[in-house]
Amino acid sequence: LVNARKQNGRTALHIAAQQSQVEVVQTLAEFKCNIEEIELEQGLTPLLLAVQSGASAETVLTLLRYGANDKATNPLQQDVLAIAKANGDADMAATIRRFQSERNATKLLQHATEICMRDFAAILGICEVHAPDQDAAFEKVRSGQYCGTDAHRTDAYPPFNSPLTRGHTQHT
């Protein structure tokens, strides 16, 4: 039912987005409606329709936070940022750019964190980069179990056959 269409091809999400009904947009998104459904009349997604119609920034941000594609285009090949600019809505354009920047920064931070954790775990010798138990090993690193602050623990240091000690003789 959440994806049912009216005669003009719009879903409840299209209508709610166009009319800036943030709570309805959020509820429909939580019920897993198709957030990328293209309405038949103009070929627009709910996000494109919201921006084109001058919906509130809160409505647009709600759609974006639930995964609406900000790179989708209308029949004129305009994405949401281009539509906001064409409408002369500088505030909406700024809101969309800010969301895109924050999303990109978050993705970069997550990627960098993942790389650092893999490298750190590999250096400590607690897992190979592609080991099946790498998630468990990363969690040990994250929780401090493999942190050098526990100097009395033997597992706080790289094992003999770790990448740091490989090929060196062990002195006792």
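All of the points below concern the structure found in this document.

Rules of the game
Residues numbered from 1 in each chain as written. Predicted model: local features only at pLDDT ≥ 70, side-chain atom pairs only at ≥ 80, totals over all residues. Heavy atoms only, no water. Buried < 20%, exposed > 50% of the residue type's maximum accessible area, 1.4 Å probe, protein only. Helix = DSSP H or I, 4+ residues; strand = E, 2+ residues; numbered from the N terminus. Arc of directions from axis to C-beta. Contact = heavy atoms within 4.5 Å. Core = buried A, V, L, I, M, F, W, Y, C linked by side-chain atoms within 4.5 Å. Axes fitted to C-alpha atoms, helices over the stretch in contact; angles between N-to-C directions. Parallel < 35°, antiparallel > 145°, perpendicular 65-115°, else oblique. Left-handed = near helix turned anticlockwise from the far one by under 90°. Nonpolar A, V, L, I, M, F, W, Y, C, P; charged D, E, K, R; others polar. Salt bridge = Lys/Arg side-chain N within 4 Å of Asp/Glu carboxyl O. Polar contact = N/O pair within 3.5 Å; in protein donor to acceptor, adjacent residues only side chain to side chain.

Before going further, it helps to spend a moment on helix H2 (residues 22-30). All of the buried residues along H2 are Val22, Val25, Leu28 and Ala29. Mapping the buried residues of H2 onto a view down its axis gives an arc of 130°, with all of them on the same face. The inward-facing, buried residues of H2 contact helix H1 (12-18) and helix H4 (57-65). Lys32, located one to two residues past H2, shows a positive phi value of around 65°.

Judged by nonpolar contacts, the single largest core of 29 residues is most densely connected at Leu13, Leu47, Val51, Val60, Leu63 and Ile96. Among the elements that make up this core, the one with the highest residue count is helix H3 (residues 46-53) (5 residues). In this structure Val60 touches Leu47, Ala50, Val51, Met92 and Ile96, once residues within four positions along its chain are discounted.

Mapped onto the elements of the fold, Glu23 is located in helix H2. Residue classification places Glu23 among the exposed residues on the basis of a relative accessible area of 61%. Residues Glu23 and Thr59, 36 residues apart in the sequence, show an inter-C-alpha distance of 8.7 Å.

Pairs of packed helices are described in terms of their axes, by the angle between the two and the distance that separates them. With their axes 10 Å apart at the nearest point, H3 and H4 run at an angle of 165° to one another. When the axes of H3 and H4 are compared, the pair comes out roughly antiparallel. Viewed along their axes, H3 and H4 form a crossing whose handedness is left-handed. Two secondary-structure elements touch here, H3 through Pro46, Leu47, Ala50 and Val51 and H4 through Val60, Leu63 and Leu64. Of the residues contributing to the contact of H3 with H4, the split by class is 7 nonpolar, no polar and no charged.

For H4, the complete set of buried residues consists of Thr59, Val60, Leu61, Thr62, Leu63 and Leu64. Positioned one or two residues after H4, Gly67 has a phi angle of 100°, which is positive.

Right, let's get into the pattern of salt bridges. Tallying each qualifying case throughout the model produces 1 salt bridge. The salt bridge involving Arg103 is made with Asp70; its shortest N-O contact spans 3.0 Å. Here the residue Arg103 occupies a position in helix H6 (residues 90-124), and Asp70 occupies one in the loop between H4 and helix H5 (80-86), the gap between them amounting to 33 residues. Given the relative accessible area of 3%, Asp70 is considered buried.

Below, the discussion takes up the packing of H2 against H4. Here H2 crosses H4 at 5°, and the two axes come no closer than 9 Å. Taken together, the axes of H2 and H4 lie roughly parallel to each other. Here Val22, Val25 and Gln26 of H2 come into contact with H4, specifically with Glu58, Thr59, Thr62 and Leu63. Partitioned by chemical class, the residues of the contact of H2 with H4 number 3 nonpolar, 3 polar and 1 charged.

So, on to the side chain of Arg10. On the secondary structure map, Arg10 appears in the segment before H1. Side chain to side chain, Arg10 and Gln18 meet in a polar contact 2.9 Å long.

Moving on, we get to the side chain of Thr62. Tracing the backbone through its elements, the reader meets Thr62 in helix H4. Owing to a relative accessible area of 8%, Thr62 belongs among the buried residues under this scheme. Once residues within four sequence positions are removed from consideration, Thr62 is found in contact with Val22, Val25 and Gln26.

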